[in-house]
Amino acid sequence: MNTEHRMMEGGVVGSVPPVAPPTVKLKWAEHLNTSWLAEDCQAIALRDAALALYDRLLENKEVVVVAGPGCVMRGGPQLPDYEPEPPSSGDQLNHVNALLASQAALARSTAAQPRFSALLHKRLIVLQRIYHALSRSFHQGSRNRDRALTGTSDRGPTTDLQGSGASLSANEALIELGVRTGLSLLFTILRQGWMNNSGSLCSEVLGTAVSVVQALPPLSLAVESKLPRVGLASLSQLTSFLGETAKPSSPADATGRKLSAELLLGLSLQRGSLRYLLEWVHMALSAASSAQKPSDDVPRDAERDGTCISSRCLQDVMSSLAHSGENGTEQLAGVVHDDSTVPLYQAALILMEKLSHMACEYARTCIGDSCEETNDTNESCDVFVWGSNSSHQLAEGTQDKILSPKLTHAFNSVQQVEAGQYCTFIVHTDGGISACGKGSYGRLGLGDSNNQTSPRRLNLDAGVRRVSSSKGSDGHTIALSTAGQVYTWGDGDYGKLGHGNNVTQKYPRAIAGPLCGKIVRWVSAGYRHSACVTQEGELYTWGEGDYGRLGHGDSTSRNIPTLVRDISGVGQVVCGSAHTLALSADGRTVWSFGSGDHGKLGHGDTAKVYRPRVIEALQGLTIRKLSTGTHVSFALAAHGQVQGGDTAHFQVWVWGSGPCLALGSAEATMLRPRPIEELAGLRIVDISAGDSHALALTHESEVYAWGSNTMGQCGQGHTLSPITRPKKVMGLDAAVHQISAGTTHSIAWTAIPTDRRVVSWHRPFCVDLQEGTFSLLRTFIEQYCIFDDPEQPVTPFASLRDQEKFVSLCLQLLNTHLSLALTGGMTQAVLGSEATSLRELLFRLVDAKLPRAIEAGVCEGLSSPLLLPPLASRMGLLYTLLPKSPEDWGQLSRGQRLQLGILVISLEDHSHVAGLLGYSSSEENSACSYETSSKKHFQEISCIQLSC
C-alpha cells in the first residue's frame, strides 16, 4: 500500500488519506529501553507476535490512543469546558449536535480502516520503539548527555573558542573566528598606519564608522539579549580598542584620538545603559588627566593633543538624551559652538550633569507618598488573552480556545483586568468597570444571568479602584471604590456577598453594616468566602466558615463582614478555595488559616487552622504579594533576599500540592514554603494564581506560566497538560506590566499598575541598578573627592568649581540609585561587593575637609539602609567604636561619632533585636526596616555631629 506514515516521539502519529488509522501518542519510557533491545525483530513479521508487542506498549502506557483527525469535527461546534452550572436549553442542543457529529465521524473513520492497515500501523510503531531503544543506547546517549550539560541544541558538531562557557556550533565558531580575526587585523593596520604617519587613511576609516553609528536608529544596541554572541564579542573588542586609542599614550594622532572618543561615545549611547556612559566618562577623565600633568604650568591645548570631541558630536548626544527629559541642549549654551571642540573633561562634566538630572526626574515620579497618584493614564493599553473562551470570557467572537497570546481590541482604556471563573472584568482608566463571559448567578453584575460576548459597562456610579472575582464555586465578585467602599454581586450562597443574607445579587450593591465609616484598602473573593482589609489594618471576613477559613476560631458561617480579632496591622488578604492568607502591612509576617488539606497552609501538616497562624518558614523575608489557587499558595518576596545561607536569590515561594509546585510532577506535595528554583535568576515583580495554573511577571516584561494547561491557559501553543516547570509565554510583543490568571484563561496587559510601585532596574541612559554602576560611582568619588589644596583642583579639572560640581553630581546619582533600590523593595544584594567599600569610603569622607554641598551629599548617602553593615557584624563594630571611658568620647572623630549614632539607631528596631537573639533568620533583610523614623533621627544626629 502506498501509505505515508508520520511518527514523532512524544507527538501524534497518524497517516494521510485515504487510510486513517487511529491516532496515538508515543510516550517512550526510558527505563524500558533495555528490555526492548532484547526483542527479536524477526518476530514482528508474525501477526500474533506483533500484536503481543503492541499490547505490551499499551499496557506500559508507552502508546496512548487518542482521537484522530477523522474523529474531530473541524467546522462544527466544539464542546465547552466543564462547568458546574446546568446548561441552558440552547447549550444542550448544541452539545447533542456536537456529540452526534463526532459519533458519525468516528463511524466513518472506523469503516475506512482495513484490518491490514491497522496491523501495519501497529508493526511500524513497535519497530519505532525498538529503533528508539537502539538509538538511545548506542548512538545518542553520550551526545544527549553532553548537550544537557552544555545547554546547547542539536545543531551538529560544537566547539568552544574560549575554552569555557556555552558551546558553539561549527558555523557559529567559524563566523566568530572570522569576525574577531578580521577586527584584530583591522586594529593592527590602524596602529601601523598611525606609526607610519598614514593618519589620514586611519581617520577616514574611523570617520566612516562614526557616521554609521550616528545613522543607526536610537538604542539599536540596547537589548543585549537579542544580540548574537559574535556581536557582543565584537562590541567588547571594539570598545576596548577605542578606549585605548583615545588616550594620549596611544600611537594615534590627534584626529584619530578625537574620532575614537566620538565613536566610543556613540556606541555607549546606542547601548542605552548608564553604566556604559559612565565608562565613557571614566575614559574621558582618565585621558584628560594623562594629557594634563600636575607639573604643567600652562594647560595643554586639548584640540592639539586630541583629548576632545567635536561640539557637533556632543550636541547630537544631548539631543538624543533630550527625548528622555527636557532642556536637553540648554546646558551647552555659552559653552560650545558648532565649529568648535570640547575638552574631554568638560564633555564628561556636561554629560554627567544631564544624566544626574534625568535620574532625579525619574526618581521623583517613583519615590514619595504621592507616587500612586502620579501614574500616567493608559489610554492606549495593549491587552493579550489566551486560554478558554467557552463563555466568551476572552471576547474574541468564537468559543475556540486561544492557545497562544493574542492581542485583543475588545478591551479599551484598560487600567486593571480581573480574570475570574469563565468571566472577565475590566477596570477602565476613568474608574468605570465592564464585564464579559459567563453570566450565571448574576456574576457579571449586569442585571441578568446571560452570557456576555463582549465587554459591557456595569451600572456603578462610584469609581472602581480594584476588583476581585472568585475562581471557583458559583461565582461572585467584589469591587473596591476609589473612596474605599466595597460593592459585591453574584451568587449569594453562604453569605459570601456580605449583605446579611444568602440572596443572589445581579447588580453591584454596597456592603453596609460593620464596614460603614471604614475605608477599605484591599478586597479578595474566594470560592465560598470573602475578605477585606481596612485602612487601619483590620481584617474582616465573611461567607462559609467550614474548616475555619474565616479565622474566627470556629466553623460558623457569617453573612456580614466580621472582624478577625487575633491579628492587626494587616496589609493584604487573599482567599483560596477553603483557606485564607493574610500579609502584614510591613510585609514581614504571613498568616494562614482554614483547610490544611494538601499542605496549602504552609505549617508542615494538613490540619485545619481556625485562627490566624504565622507561617514560620517565611519569617525573615519581606513579602510583596500573596496569591492562592485551589490546592496551592504563593508568596512573592522582595528581590535580593537570601534565605538559609544560599547564594541564590529566591523570590517566588510556593506550598501545597499539584503541578503548580513546579517540581516536575503533578502529584507532588509540599507542606512548607519552598522557592521555585527555575525562577531564581529572574526579577519577578508580580504573580497570579488561577484555579490550577500560575503566572509570573518579570521586570523585563516576560511572563512565565505553569500548572494545568488543558485549555491552553499556559499560553504554550498547545493543550498538553500539565506543565510542571515554569515556561516562558511567547508572543507577548509589548512591555507587559500586569497579569491575571482566571479559572482556565489568562490575561496580560501593558498598563502601569496603580497599587504597586514600579521601579525600573534599568531605564535608558539614567538608571542602572547593578554592581557595575555603583562601582564606577565609587571610583569617581574616591578619585576626585580630594580638596586638600584650596587653590589647586585635581586634574583634569580646570577649576575647583568644576571639581566640586562633578563630585556633587556623582553623589547625587549615587543617592538617587540607593533611593530607587530601596523603594523597589531591593536589598543590599543589589550593590554586590560594593556595599562595604561605599560605606567605608563615605565614613572616611565625613572626617575629610569638604565643601558644604559635598558634605551634605555624603551624609545623605550614609542615611541609606542599604549601606548598613550586616546585622551580625554590627555589634562587633559597635563594640569597637564605643569609648572605653567618658574621657575617650572627645577623641572620636566626626565620622566615628556619626557611625556610632547610625549603628545605635539601626539596632532600635524590634526585628533586629530579635535577630540578635536568634529569633530571625535574615540578616540581609534587616536593613529594610531602617527607614523613615531612623532617617529622621539620623539627620538630627548628623546635624549635631557635623556642627561640632
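Right, let's walk through the structure included here.

Reading the values: rules and limits
Residues numbered from 1 in each chain as written. Predicted model: local features only at pLDDT ≥ 70, side-chain atom pairs only at ≥ 80, totals over all residues. Heavy atoms only, no water. Core = buried A, V, L, I, M, F, W, Y, C linked by side-chain atoms within 4.5 Å. Buried < 20%, exposed > 50% of the residue type's maximum accessible area, 1.4 Å probe, protein only. Helix = DSSP H or I, 4+ residues; strand = E, 2+ residues; numbered from the N terminus. Contact = heavy atoms within 4.5 Å. Polar contact = N/O pair within 3.5 Å; in protein donor to acceptor, adjacent residues only side chain to side chain. Salt bridge = Lys/Arg side-chain N within 4 Å of Asp/Glu carboxyl O. Pairing = 2+ DSSP bridges. Axes fitted to C-alpha atoms, helices over the stretch in contact; angles between N-to-C directions. Patch = residues over 30% accessible without salt bridge, like charges linked within 9 Å, V, L, I, M, F, W, Y side chains within 5 Å. Areas by Shrake-Rupley, 256 points an atom, 1.4 Å probe, with all protein chains shown as cover. Expected span 1.5 Å × (residues − 1). Phe/Tyr/Trp six-rings, centres within 6.5 Å; stacked < 30°, edge-to-face > 60°. Parallel < 35°, antiparallel > 145°, perpendicular 65-115°, else oblique. Left-handed = near helix turned anticlockwise from the far one by under 90°. Nonpolar A, V, L, I, M, F, W, Y, C, P; charged D, E, K, R; others polar.

1. With respect to the nonpolar core
One recurring pattern in soluble globular proteins is that nonpolar side chains are buried together.
At step 1: Membership of the largest hydrophobic core comes to 96 residues, with the highest contact counts inside it found for Trp280 and Phe806.
At step 2: It is helix α13 (residues 344–366) that contributes the most residues to this core, 13 residues altogether.
At step 3: Those residues in contact with phenylalanine 806, other than ones at most four positions away along the chain, are Val281, Leu285, Leu349, Met352, Phe780, Tyr784 and Phe797.
At step 4: Of all hydrophobic cores here, the second largest spans 48 residues; its members include Val632, Leu636, Val703 and Cys714.

2. Focus on the side chain of histidine 476
At step 1: Structurally, histidine 476 can be placed in strand β16 (residues 476–481).
At step 2: Classification of histidine 476 as buried rests on a relative accessible area of 0%.
At step 3: A polar contact is formed between the side chain of histidine 476 and the side chain of serine 530, at a distance of 2.9 Å.

3. Concerning the pattern of salt bridges
At step 1: For the structure on display, the rule yields 23 salt bridges.
At step 2: Of the charged contacts in the structure, one is a salt bridge between arginine 549 and glutamate 544, with a shortest N-O distance of 3.1 Å.
At step 3: A relative accessible area of 3% means that arginine 549 is categorised as buried.
At step 4: Of the charged contacts, one joins glutamate 700 and arginine 683 as a salt bridge, the two residues approaching to 3.8 Å between their closest N and O atoms. Of this pair, glutamate 700 sits in the loop between β32 (693–698) and β33 (703–707) while arginine 683 sits in the loop between β30 (669–675) and β31 (684–689), and the two are 17 residues apart along the sequence.
At step 5: A relative accessible area of 43% means that glutamate 700 is categorised as partly exposed.
At step 6: Residue arginine 683 is classed as partly exposed on the basis of its relative accessible area, which comes to 25%.
At step 7: Salt bridges linked by common partners bring Arg778, Glu782, Glu834 and Arg844 together as one network.

4. Re the sheet that holds strand β19 (residues 520–525)
At step 1: Strand order in the open sheet formed by four strands is β19-β20-β21-β22, and the pairing between neighbours is antiparallel. If you trace the sheet from one side to the other, it starts and ends with β19 and β22 (558–563), each paired once. Recorded for the sheet is a direction-independent mean angle of 15 degrees between the axes of neighbouring strands.
At step 2: Sheet analysis places β19 next to strand β20 (residues 529–534), joined by five bridges and oriented antiparallel. Paired with valine 523 across the strands is cysteine 532, a residue of β20.

5. Considerations on a nonpolar patch on the surface
At step 1: A cluster of nonpolar side chains, contributed by Leu186, Leu201 and Val205, occupies part of the molecular surface with about 230 Å² of accessible area.
At step 2: Take valine 205: it is sitting in helix α7 (residues 199–215).

6. Description of helix α12 (residues 311–322)
At step 1: Between its terminal C-alpha atoms α12 stretches 16 Å, which fits the 16 Å expected from 12 residues at 1.5 Å a residue.
At step 2: Three or more residues of α12 are buried, namely Ser311, Cys313, Leu314, Gln315, Val317, Met318 and Leu321.

7. Regarding unusual backbone geometry
At step 1: Cis rather than trans, the peptide bond between serine 721 and proline 722 has omega equal to 0 degrees.
At step 2: Inspection of the secondary structure assignment puts proline 722 in the loop between β33 and β34 (723–728).
At step 3: Each neighbour pair has its own omega, and for threonine 795 with proline 796 the value is 10 degrees, a cis peptide bond.
At step 4: Take proline 796: it is sitting in the loop between α14 (771–784) and α15 (800–823).
At step 5: Of note in the backbone geometry, histidine 598 takes a positive phi value of approximately 65 degrees without being a glycine.

8. As for the packing of aromatic side chains
At step 1: Following the criterion strictly, the structure yields eight aromatic pairs and no others.
At step 2: Considering the side-chain rings of phenylalanine 425 and tryptophan 489, the 6.0 Å spacing of their centres and the 65 degrees angle between planes classify their relative orientation as edge-to-face. On the criterion of sequence distance, the pair formed by phenylalanine 425 in strand β12 (residues 423–428) and tryptophan 489 in strand β17 (residues 486–490) is long-range, its members being 64 residues apart.
At step 3: With a relative accessible area of 0%, tryptophan 489 lands in the buried category.

9. Some remarks on helix α6 (residues 170–195)
In an α-helix, one full turn covers 3.6 residues, which means residues spaced three or four apart are oriented alike.
At step 1: With 26 residues, α6 ought to run about 38 Å at 1.5 Å a step, and its terminal C-alpha atoms sit 37 Å apart, in line with that.
At step 2: Among the residues making up α6, those that are buried are Ala173, Glu176, Leu183, Phe187, Leu190, Gly193 and Trp194.
At step 3: Looking one or two places after α6, you find asparagine 197, whose phi comes out positive at around 60 degrees.

10. Side note on the packing of helix α9 (residues 254–271) against helix α10 (residues 274–291)
At step 1: In contact at an axis separation of 8 Å, α9 and α10 are set at 160 degrees when each is read in the N-to-C sense. If you check the angle between α9 and α10, you find them roughly antiparallel. In the crossing of α9 with α10, the sense of the turn from one axis to the other is left-handed. Mapping the contact onto sequence places Ala261, Leu264, Leu265, Ser268, Leu269 and Arg271 in α9 and Tyr276, Leu277, Trp280 and Met283 in α10.
At step 2: For the contact of α9 with α10, the residue count by class is eight nonpolar, one polar and one charged.

11. Topic: the sheet that holds strand β24 (residues 579–584)
At step 1: The strand order across the open sheet formed by four strands is β23-β24-β25-β26, and the pairing between neighbours is antiparallel. Because the sheet does not close on itself, it has two edges, and the strands there are β23 (570–575) and β26 (609–614). Taken over all neighbouring pairs, the strand axes of this sheet differ in orientation by 15 degrees on average, direction set aside.

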